[in-house]
Amino acid sequence: MAPATPTPALPDGPAYQQIMGVFAEADAPLRARNVCEAMDLDLVPNNINNVRIKLKRLTGRGILDETEPGLFARPRP
């Protein structure tokens, strides 16, 4: 039996917990705008860009996958 790969650590900050909560309930890949809506953030460019940066950071850590440009999902096992 292969050893389980450790789960990458989530960056510090409550926003990352909220983002992962949104993806835990999502049944399809999401865009930054969808994540903002789910987090009840105002849909202004600054909020959308900040969420997009966080999604890219989570992708870089292997916590999320960018299935196509701008579309994020939890990795499939």
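The rules behind these values
Residues numbered from 1 in each chain as written. Predicted model: local features only at pLDDT ≥ 70, side-chain atom pairs only at ≥ 80, totals over all residues. Heavy atoms only, no water. Helix = DSSP H or I, 4+ residues; strand = E, 2+ residues; numbered from the N terminus. Buried < 20%, exposed > 50% of the residue type's maximum accessible area, 1.4 Å probe, protein only. Contact = heavy atoms within 4.5 Å. Axes fitted to C-alpha atoms, helices over the stretch in contact; angles between N-to-C directions. Parallel < 35°, antiparallel > 145°, perpendicular 65-115°, else oblique. Nonpolar A, V, L, I, M, F, W, Y, C, P; charged D, E, K, R; others polar. Expected span 1.5 Å × (residues − 1). Arc of directions from axis to C-beta.

Draft legend 1. Molecular detail of the environment of Ile19. You can see Ile19 is positioned in helix 1 (residues 14-25). Taking the relative accessible area as the measure of exposure, Ile19 reaches 0% and is therefore buried. When the C-alpha positions of Ile19 and Val35 are compared, they lie 6.9 Å apart, and in sequence the two are 16 residues distant. Excluding residues within four positions of it along the chain, Ile19 makes contact with Val35, Met39, Lys54, Leu55 and Leu58.

Draft legend 2. Structural view of the packing of helix 1 against helix 3 (residues 45-60). Relative to each other, helix 1 and helix 3 sit at 80°, their axes nearing to 11 Å. Comparing the axis directions of helix 1 and helix 3 gives the class roughly perpendicular. Here helix 1 contributes Ala15, Tyr16, Ile19, Met20 and Phe23 to the contact with helix 3, which in turn contributes Lys54, Leu55, Arg57 and Leu58. Here the contact of helix 1 with helix 3 is built from residues that sort into seven nonpolar, no polar and two charged.

Draft legend 3. Highlighting unusual backbone geometry. Despite not being glycine, Asp40 shows a phi value in the positive range, around 60°. By secondary structure assignment, the location of Asp40 is in the loop between helix 2 (32-38) and helix 3.

Draft legend 4. Spatial organisation of helix 1. Across its twelve residues, helix 1 extends 17 Å between first and last C-alpha, which sits within 8% of the 16 Å expected from 1.5 Å per residue. Within the span of helix 1, buried status applies to Tyr16, Ile19, Met20, Val22 and Phe23. Down the axis, helix 1 shows its buried residues gathered within 150° of arc, on one side only. Opposite the packed face of helix 1, turned more than 90 degrees from it, sit the exposed residues Pro14, Gln17, Ala24 and Glu25. Contact partners of the buried residues in helix 1: helix 2, helix 3 and strand 2 (71-73).

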